[in-house]
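If you want the building blocks of each chain, they are given just below.
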Amino acid sequence: MSASRPAAVIVLAAGEGTRMRSRTPKVLHEICGRSLVAHVLAAAAELAPQRTVVVVGHERERVSAHVDEVAPGVTTAVQDKQNGTGHAVRMALDSLAGDDTTPADALSGTVVLCYGDTPLLRGRTLGDLVAAHEAGGNAATVLSAHLDDPTGYGRIIRDSSGACAGIVEEADATADQRAITEINSGMYAFDGAALAAVVQRLSTDNAKGEEYITDTVALLRGDGLRVGVSVAEDAGEIEGVNDRVQLAAARASLNRRLLETHMRAGVTVVDPASTLVDVDVTIGQDAVIEPQTQLLGGTVVGDEAHVGPGARLTDTAVGAGATVSHTVAEGAEIGERAVVGPYSYLRPGARLGGRAKVGTFVEVKNSNVGEGTKIPHLTYVGDADIGKEANIGASSVFVNYDGVHKNRTVVGDHARTGSDTMFIAPVNVGDGAYTGAGTVVREDVPPGALAVSEGHRQRNIDGWVRSRRPGTAAADAAERATSAED
């Protein structure tokens, strides 16, 4: 079914969520890389509504600021006192209408109502709700679902035509009504003008003294208007999150849904039960994700890449055909067919060229590592630019911090640096240059030279690579660099 563009979507997010036992407002808790309310707003955005308003109350400043950040253009309305869902909707309608008109005059078209703590809700389910609502010419349409165990939910009572005759809360239901498995989600599509009129008639004559949006069904039916029903394909979509147990369950359900989508698109996930993925992650065809792997934030994994086991990548790009195992990476770029790990740490700004190798117990931060360059083990590379096809010996350290400033080191193409080399930045090591094991490089090393340490002094042996390593790539690189200088 297709539907028109709704006049508005209202998202209720004013509650305190005391069962979360948290200093963080309930709707700001995160699963799969987004807050609960951000998931709902993403689903609502698929409808392309003319306006979206989030009703805030508890910690309104924090929630409003978050809404502004994740969904620019979405507005907020304040419910000062939590006087029920009907009262919250009235606050939203007043906000949508503004100061110059009434809600009934302002709203022409469909208004969708949903909740900020239902992160599994899909845009297509809301689309089906709107389509069913408009096709039936309804004043309101209830989003329902069938549950094997409907205990605790209000039951949908249908008439002979299939329309909603009423909603009976469990405490008021007869034995036959309790046997009904179709339940009310609390989400609706309304005719905007009908909604604006009916919420003004909601009563507080109940145990809590609150206005309930569910009461609109009986009022509209009493006016002779039709109330329809749209059934959610997946009952899990309508479940709200009220405590940490339900938060974990929602995380598991959404994670499973995301992984199934990736697998059906051609990704091998060896062990879905131990693999976590965020909603904004992209994984290419024929990639393999091994167990105990977390792909977080906006991570992008290229075609035929092999990630894991034991990898945790956040906002990291992995090139096609690359291999990344037992690695933590944040804000890094890994080139095509590069090899990372096991037990590597790529910090923000680490950029590895194609076929580069970063091995065991290597940490890279804010550095460019050239194509085909190898940093096999036990090394720290910080604030450096390393050329192509270089080799950095074990236990080397790029000493980038002088206590006040971060300084850069430049290592040229085809350089070969010995084990336990200390690069005291700022310093340049030329193309094709070598360093001896244990060298402390305090001064620039010319192309093709060998740098060794003598006590506290550094000595450069010019031409060493040409005479001792003739015919090698390092010798050729040094010769080109020397010729260019001449």
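My aim in this report is to walk through the structure given alongside it, one point at a time. Values in this document were obtained by computation on a predicted structure and should not be read as measured data.

### Remarks on the overall build of the chain
Check the secondary structure of the chain and you find 11 helices and 40 strands. For the chain, whose C-alpha radius of gyration is 31 Å, the value lies well above the compact-globule estimate of 23 Å for 486 residues. Over its C-alpha atoms, taken along the principal directions, the chain stretches across nearly 100 × 45 × 40 Å. Expressed as a percentage of its 486 residues, the buried residues of the chain come to 51%. Considering only intrachain contacts with a sequence separation of at least 6, the fraction spanning at least 24 residues in the chain is 42%. Carbon together with sulfur atoms contributes 47% to the accessible area of the chain, which is approximately 21,400 Å² in total. Taken together, the 44 basic and 63 acidic charged side chains of the chain have centroids lying 5 Å from each other.

### Quick look at the packing of aromatic side chains
In total, this model carries four aromatic pairs according to the counting rule given. Measuring from ring centre to ring centre gives 5.1 Å for Y434 and W464, while their planes differ by 55°; the resulting arrangement is tilted. Remark: W464 occurs in helix α10 (residues 464-468) and Y434 occurs in strand β37 (residues 434-435); sequence separation between them is 30 residues. Taking the relative accessible area as the measure of exposure, Y434 reaches 14% and is therefore buried. With relative accessibility at 13%, the residue W464 sits in the buried group. Of note, K406 hangs over the ring of Y401, and the distance from its end group to the ring centre comes to 5.5 Å.

### Remarks on the environment of V269
Relative to the helices and strands, V269 resides in strand β12 (residues 268-269). Taking C-alpha positions, V269 is 29 Å from L28, a pair spaced 241 residues apart along the chain. V269 has contacts with L259, M263, T275 and I289, leaving out every residue within four places of it along the chain.

### A look at the sheet that holds strand β26 (residues 351-352)
Ordered in space as β14-β17-β20-β23-β26-β28-β30-β33-β36, the nine strands form an open sheet in which the pairing is parallel. The open sheet has two edge strands, β14 (282-283) and β36 (427-429), and neither has a second partner. Bridge count for strand β20 (residues 317-318) against strand β23 (residues 333-334) is two bridges, and the pairing is parallel. By the bridge assignment, A317 is partnered in β23 with E333.

### Details of helix α8 (residues 215-222)
Among the residues of α8, T216, V217 and L220 are the ones counted as buried. One face of α8 carries all of its buried residues, which in axial projection span an arc of 105°. Facing away from the buried surface of α8 by more than 90 degrees, the exposed residues are A218 and G222. Residues of α8 that are buried sit in contact with β7 (140-146), β9 (164-168), β10 (182-191), α7 (192-198) and β11 (227-231).

### Notes on the nonpolar core
By size, the foremost hydrophobic cluster in this structure holds 67 residues, and its most contacted members are I10, V89, L93, L113, L195 and I213. When residues in this core are grouped by element, the largest group, six residues, is from strand β1 (residues 8-13). Excluding residues within four positions of it along the chain, V89 makes contact with I10, L12, L113, L195, V199 and I213. In this structure, A332, L352, V369 and A390 belong to the second largest nonpolar core, which totals 57 residues.

### Examining the pattern of salt bridges
For the structure on display, the rule yields 17 salt bridges. The residue D117 makes a salt bridge to K26 at a minimum N-O spacing of 2.8 Å. Of this pair, D117 sits in the loop between β6 (110-115) and α5 (123-135) while K26 sits in the loop between β1 and β2 (30-31), and the two are 91 residues apart along the sequence. K26 carries the same exposure label as D117, and that label is buried. Here R347 ties to E363 by a salt bridge, and the two come within 2.8 Å at their closest N and O atoms. Residue R347 is found in the loop between β25 (344-346) and β26, and its partner E363 is found in strand β27 (residues 357-365); the two are separated by 16 residues along the sequence. Assessed through its relative accessible area of 24%, E363 is described here as partly exposed. Three or more residues joined by partner-sharing salt bridges are found here, namely K365, D383, D385 and R408.

About the cut-offs
Residues numbered from 1 in each chain as written. Predicted model: local features only at pLDDT ≥ 70, side-chain atom pairs only at ≥ 80, totals over all residues. Heavy atoms only, no water. Helix = DSSP H or I, 4+ residues; strand = E, 2+ residues; numbered from the N terminus. Rg over C-alpha atoms; globule rule 2.2 N^0.38 Å. Buried < 20%, exposed > 50% of the residue type's maximum accessible area, 1.4 Å probe, protein only. Contact = heavy atoms within 4.5 Å. Areas by Shrake-Rupley, 256 points an atom, 1.4 Å probe, with all protein chains shown as cover. Lys, Arg positive; Asp, Glu negative; His and termini not counted. Charge placed at Lys NZ, Arg CZ, Asp CG, Glu CD. Phe/Tyr/Trp six-rings, centres within 6.5 Å; stacked < 30°, edge-to-face > 60°. Lys NZ or Arg CZ within 6 Å of the ring centre and 35° of its normal. Pairing = 2+ DSSP bridges. Arc of directions from axis to C-beta. Core = buried A, V, L, I, M, F, W, Y, C linked by side-chain atoms within 4.5 Å. Salt bridge = Lys/Arg side-chain N within 4 Å of Asp/Glu carboxyl O.

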